[in-house]
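# Commentary on secondary and tertiary structure
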Amino acid sequence: MQAYYYYLYLITKYRAIMYFQLNEEHELIRQTAREFAKSLREGAIERDEKAMFPFSSVKQMGELGFMGMMVEEQYGGAGMDTLAYAIAIEEISKIDASVGVIMSAHNSLVLYGLQAFGNEVQKEKYLRPLASGEKLGAFALSEPEAGSDATSQHTTAIDKGDHYLLNGTKNWITNGGNADIYLVIAQTHPEKGHRGINALIVDKGMDGFTIGPKENKLGIRSSDTHSLLFSDVKVPKENRIADDGFGFKFAMRTLDGGRIGIAAQALGIAAGAYELALAYSKERITFGKPICEHQAIQFKLADMEVEIEAARLLTYKAAWLKDHGKAYAKEAAMAKLFASEVAMKTTVEAVQIHGGYGYVKEYHVERMMRDAKITQIYEGTSEIQRLVIARDILK
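Only a predicted model underlies this, so the values are computations on that prediction, with no experimental measurement involved. (Residues numbered from 1 in each chain as written. Predicted model: local features only at pLDDT ≥ 70, side-chain atom pairs only at ≥ 80, totals over all residues. Heavy atoms only, no water.)

Turning our attention to the overall build of the protein chain. In terms of regular secondary structure, the protein chain is built from twelve helices and nine strands. Taking 2.2 N^0.38 as the reference for a compact globule, 395 residues should give roughly 21 Å; the C-alpha atoms of the protein chain span a radius of gyration of 22 Å, in line with that estimate. On the principal axes, the C-alpha backbone points of the protein chain span a range of 75 × 70 × 40 Å. The long-range fraction of contacts in the protein chain, counting pairs at least 24 apart against all pairs at least 6 apart in sequence, stands at 73%. As presented, the protein chain carries roughly 18100 Å² of accessible surface, and 55% of it is formed by carbon and sulfur atoms. The positive charge centre, built from 46 side chains, and the negative charge centre, built from 51, are 3 Å apart in the protein chain. (Helix = DSSP H or I, 4+ residues; strand = E, 2+ residues; numbered from the N terminus. Rg over C-alpha atoms; globule rule 2.2 N^0.38 Å. Contact = heavy atoms within 4.5 Å. Areas by Shrake-Rupley, 256 points an atom, 1.4 Å probe, with all protein chains shown as cover. Lys, Arg positive; Asp, Glu negative; His and termini not counted. Charge placed at Lys NZ, Arg CZ, Asp CG, Glu CD.)

All right, on to the UniProt feature "domain: Acyl-CoA oxidase/dehydrogenase middle" (unreviewed entry) in the protein chain then. Within this numbering scheme, the UniProt entry marks residues 138-233 as carrying the feature "domain: Acyl-CoA oxidase/dehydrogenase middle" (unreviewed entry). Split by type, residues 138-233 is 0% helix and 50% strand. Its first and last C-alpha atoms lie 17 Å apart. (UniProt positions renumbered as here; feature names shortened; annotations may be inferred.)

This part takes up the packing of helix H6 (residues 97-117) against helix H7 (residues 120-131). It is the contact of H6 with H7, at a shortest axis distance of 10 Å, that shows an interaxial angle of 150°. Comparing their axes, H7 and H6 come out roughly antiparallel. You can see that H6 and H7 cross each other, and the crossing is left-handed. Taking contact as the criterion, the partners of His-106, Val-110, Leu-111, Leu-114 and Gln-115 in H6 are, on H7, Lys-123, Tyr-126, Leu-127, Leu-130 and Ala-131. (Axes fitted to C-alpha atoms, helices over the stretch in contact; angles between N-to-C directions. Parallel < 35°, antiparallel > 145°, perpendicular 65-115°, else oblique. Left-handed = near helix turned anticlockwise from the far one by under 90°.)

This is the structure we're talking about:
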């Protein structure tokens, strides 16, 4: 009898690990994000074609609390957890992945890093206006010679006593043109390698800071991606985040959380394309019946459903681990790797199910296919995710 009660105790104590039903708060976030996302459908094709930044949608996300979801309420954020954030990214990316990545880069890469490692002065000055959506943030790590190899930073931040002199170029920066605040990773002590790298807060408009032309991209075209050029930019010493030489660790820890956001974005792209393909398969008639009644289409839809649900579970698990203070770097990499592969496969199949209609812009799935590709590249390519996973399981 004692063994039975001990068994019940263990079930009660650890039930959250295997409890798959979302709570009321998470369901409310899903519904709110879903309702907001509906407004994105209209204009999505035009924004994609003209590479138009969605200013009004970003403003609305700030008003809804989506631009500071995981920031503590004392700094003006919504005080929600990573799972709620992943759910919101998923729902928004079902309709427009460009809007999803604007929100993701701002929350995961900028706000998380400032809240986790910034000091109180930095939080009051920078985190608060970012969390409210009043200002937009960007994270600047990649360079012409430092993409997957993030240790090879050629951008330098030379210590000049009361300030750093920042010189160099950053590439592929999401929110690069419209951000107000930039977290820039730069090398201060080359002789120390990655231990000599710092993370600096740079304001738009600082002398010597120039924003390069907007990139003409394959997908996520309404998010603005730019190069950033720094020429003798004087960055005050108080704008360094954490200790001297902490920059590389800062970047890697920030990217771990960022991968959950991109996994959620990829999940949303896949789920959105699947929903469109499923609906179309019920409407399109061939050989006297809806194409969803043909086994070839049924098998495609079945595979989509299985893989999307698997991607969702991986993504939610990584978010859950982060929220509960557990190690999650491997799980975040697994979620991003798998969800991005599923997004690419699902969108290709969604185009196939639509046939010729899938190849024209009116039906959205061709845009989603183009959007999906970047999820296999940014915030660590699929190859880098496999390295992260392998190193963790072999250590």
